[in-house]
Amino acid sequence: MTDAAAVNILSLSPGTQDQLLRQYFASDGIGYTVVRVPMASCDFSTRLYTYADTPGDYGLENFTLAPEDIKMKIPLLQRAQAMSPRPLSLLASAWSAPAWLKTNSALTGKGSLKGQPGGKEHKTW
């Protein structure tokens, strides 16, 4: 359930949205029970963002979900769960550490996690 998937699903009429979700998640459809959900933005997002964009926030005091999660992905996942006869399992996958935790200070391009294994950057990530 990427941002792009949510944008496209929500661009459909309400009836078509329900039909599509039923075809994927309902017992009379494919019956998917595992959904991959990006943690923040990914290569299928309309913008670059993370949940921890405050530099130096090693305690993640400013960690917050994005509008894309609250307004699009979570409601669609709730609708899918309501149609599924079994609990959905979410596979959360991260695309990039926050830019302030990376050697190139960017979400894209060639960069790696700052610090050493066991250090504050790795523990935060």
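Bear in mind that the values here come from a model prediction, so they are computed numbers and not experimental data. Residue indices follow the written sequence of each chain, beginning from 1 at its first position. Predicted model: local features are reported for residues with pLDDT of at least 70 only, side-chain atom pairs are reported and counted for 80 or more only, and whole-chain, interface and lining totals are derived from all residues. Processing note: side-chain calculations cover all non-hydrogen atoms of the structure and skip hydrogens and water entirely.

Trainee: I'm lost on the nonpolar core in this one. Help?
Mentor: Side chains of nonpolar character tend, in soluble globular proteins, to be buried together. Joining through side-chain atoms within 4.5 Å is the link that ties buried Ala, Val, Leu, Ile, Met, Phe, Trp, Tyr and Cys residues into a set, and such a set is a nonpolar core. Buried means the residue's accessible area, taken with a 1.4 Å probe over protein chains only, is under 20% of the maximum for its type, while exposed means over 50%, and partly exposed covers the values in between. Ranked by size, the top nonpolar core spans twelve residues in total: M1, A6, I9, L21, F25, V35, V37, M72, L76, L77, A80 and L88. In this text, helices come from DSSP runs of H or I with a minimum length of four residues, and strands from runs of E with a minimum of two, each type numbered from the N-terminal end. Secondary-structure elements contributing two or more residues to this core are α1 (3-10), α2 (14-25), β1 (34-39) and α3 (67-83). It is α3 that provides the largest number of residues to this core, a total of four residues. Every residue in contact with V35, bar those within four places of it in the chain, is listed here: M1, F25, L77, L88, S89, L90 and L91. Contacts are assigned to residue pairs that have any heavy atoms within 4.5 Å of one another.

Trainee: So what exactly am I meant to see when it comes to α1 here?
Mentor: In an α-helix there are 3.6 residues to a turn, and that puts residues three or four apart on one side. D3, A6 and I9 are the residues of α1 that are buried. Buried residues along α1 cover an arc of 130° about the axis, so they all sit on one side. If you follow the buried residues of α1, they end up packed against α2 and α3. Think of it as the arc spanned by the lines of direction from the helix axis to the C-beta atoms.

Trainee: Mind showing me how you'd approach the pattern of salt bridges here?
Mentor: Side chains that differ in charge, positive against negative, can pair when their charged atoms come close. Just to be clear on terms, a salt bridge is a Lys or Arg side-chain nitrogen sitting within 4 Å of an Asp or Glu carboxyl oxygen. Tallying each qualifying case throughout the model produces four salt bridges. A salt bridge links R47 to E68; its shortest N-O distance comes to 2.6 Å. You can see R47 sitting in the loop between β1 and α3 and its partner E68 sitting in helix α3, a full 21 residues away along the chain. Given a relative accessible area of 37%, R47 falls into the partly exposed group. Look at E68 and you get buried, because its relative accessible area is 9%.

Trainee: Just checking my understanding: could you explain a nonpolar patch on the surface for this structure?
Mentor: Patches here: salt-bridge-free residues with over 30% relative accessible area, like charges joined within 9 Å, nonpolar side chains (Val, Leu, Ile, Met, Phe, Trp, Tyr) joined within 5 Å. Shrake-Rupley sampling with a 1.4 Å probe provides the accessible areas, and residues are treated as covered by the protein chains on show and by no other component. Taken together, the side chains of F63, L65, I70 and I74 make up a nonpolar region of the molecular surface, amounting to roughly 350 Å² of accessible area. Examined against the element boundaries, L65 turns out to sit in the loop between β1 and α3.

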